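Survey of secondary and tertiary structure
Below, each chain spelled out in residue letters.
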Amino acid sequence: MTTFARRRWIGAAVTLTALAGVWLWAERLENRLESSSYFTGWMLLTAIIALAAFQVRKKLPAAPLGTSAVWLQAHIYIGLGSAGLYAIHAPWRWPNGVLETILSLLYIATFLSGVIGLYWTRSLPRRLSRLGQEVIYERIGAERHRIQERAQNAILAAVRTAGATTLGDFYNARLHDYFSTRRGWRFRIWPSSELRKSLLAELTDATRYLSDEERKTAEQLFALLRQRDDLDYSESLQWRLRAWLFVHIALTYPLLLVAGLHAWTAHLFYGGLP
Ligand code: HEM
């Protein structure tokens, strides 16, 4: 077994043992006709506070608080385990009351965003590295502009020197907008190779009517078209990696607030703080 697989087994075993412990203790309380809700509720709130504390750790990289890798592993197992705590704590039905409904929805959304983010942070970097050259997110705009200029210069030179009007007309009709405008939100959220394939096919079709000189320029356009599509795809994946974390963190604060309010009102209604 690799170190990675062993670490995974240990993490899963510790999480499941801790959950079994909480469940057995809650059962014991119920059997003694005592409410287990305070116990399980505090366990869940403690887990949520520990999960949120990950951001504090990230903001203080130099503090002697353990390595980031250990924090991330702990975050993932506590995060997954918190679903077990939620299942033990919350009744298995639609929650009563506005506060409880908001709390449940916030918890579920934060949990799901964490699981989706975990999948993306593991899979998207591999997809990005398969694209070959990696462009830093902040440099993508400049790179897009560079590709557009190269395409435009290539077509202008071809028209000027070889009178390449067939290719020039095709460029104006089909490629000018592609190179000069940004892809829309649909592509950013759900990138697809549809446009790339259809433009490459159209350009392939058009080369049948081109002179030898024009064909050389068309070869350049093929390469630039692919480069531009790879760049847009890379932007979409890098944006996704940023956007999910933004959503995950943005959900954390209201979750903490509403969970705190829920604990407070629970104690208020059931006889004050112990
Ligand atoms: C349900 C309650 C949860 C809360 C309150 C929470 C909160 C947070 C916070 C505050 C961060 C730090 C973000 C930063 O500053 O960069 C974070 C990051 C992260 N969380 Fe969660 N999280 C929860 C559940 C989960 C779950 C269930 C998973 C996955 C199983 C998960 C996976 C991650 C990952 C992968 C990161 C980013 C780590 C990195 O790239 O450095 N989270 N979370």
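Residue positions are given per chain, counted from 1 along the sequence in the order it is written. With pLDDT at 70 or above as the cut-off, local features in this predicted model cover only qualifying residues; side-chain atom pairs require 80 or more to be listed or tallied, and sums for whole chains, interfaces and linings still use all residues. Neither water nor hydrogens contribute to the side-chain values; these are computed over all heavy atoms in the structure.

**Some thoughts on the side chain of E214**
How we decide: Secondary structure elements follow DSSP: runs of H or I no shorter than four residues count as helices, runs of E no shorter than two count as strands, and numbering proceeds from the N terminus. When accessible area is computed with a 1.4 Å probe and restricted to protein chains, residues below 20% of their type maximum are described as buried, those above 50% as exposed, and intermediate ones as partly exposed. Here Asp and Glu are counted as negative and Lys and Arg as positive; His is not counted, and neither are the chain ends. Criterion for a salt bridge: a side-chain nitrogen of Lys or Arg within 4 Å of a carboxyl oxygen of Asp or Glu. In this description, contact between two residues means that some pair of their heavy atoms is separated by no more than 4.5 Å.
Within the secondary structure layout, E214 lies in helix α9 (residues 212-269). The buried charged residue E214 lacks any salt bridge partner; its closest oppositely charged side chain belongs to R215, at an N-O distance of 8.0 Å. If we skip the residues at most four places from it in the chain, E214 touches A164, T165, T166, L167 and Y209.

**Focus: the site of the ligand**
Stated precisely, the cut-off is as follows: We call a residue near a molecule or strand whenever a single non-hydrogen atom of that residue lies within 4 Å of it. Two N or O atoms count as a polar contact when they lie within 3.5 Å, although within protein this holds only if one can serve as hydrogen donor and the other as acceptor, and sequence-adjacent residues are included solely when both atoms are side-chain atoms. We call Asp, Glu, Lys and Arg charged. Ala, Val, Leu, Ile, Met, Phe, Trp, Tyr, Cys and Pro are nonpolar, and the rest, Gly among them, are polar.
The local shell around the ligand holds 20 residues, among which Q55, K58, H75, G114 and H248 are the closest. A distance of 2.8 Å separates a nitrogen atom of the ligand from a polar atom in the side chain of H75. No other element matches the 6 residues that helix α4 (residues 98-129) contributes to the shell around the ligand. In terms of residue class, the shell around the ligand is made up of 12 nonpolar, 7 polar and 1 charged.

**Overview of the domain arrangement of the protein**
Note the threshold: A domain assignment, automatic or from a database, supplies the domain bounds used here. Once two parts are joined, some of their accessible surface, as seen by a 1.4 Å probe, is lost; buried area is that loss totalled over both.
On domain assignment, one finds that the protein holds domain 1 (3-131 + 245-269) and domain 2 (137-239). Contacts between the two partners involve 4 residues from domain 1 and, on the opposite side, 5 residues from domain 2. Each partner contributes to the roughly 470 Å² buried at the junction of domain 1 and domain 2, and carbon and sulfur atoms together form 73% of this total. Run the count over domain 1 and domain 2 and you get 0 salt bridges. Remark: the boundary between domain 1 and domain 2 carries 1 residue pair in polar contact (both at pLDDT 80 or more). Classifying every residue of the side of domain 1 that touches domain 2 by side-chain character gives 3 nonpolar, no polar and 1 charged.

**A few points about the environment of R242**
Mapped onto the elements of the fold, R242 is located in helix α9. Separated by 125 residues in sequence, R242 and G117 have C-alpha atoms that sit 9.7 Å apart. The contacts of R242, once residues within four sequence positions are left out, are Y137 and E138. Here E138 takes part through its side chain, which lies 3.4 Å from a polar atom of the side chain of R242.

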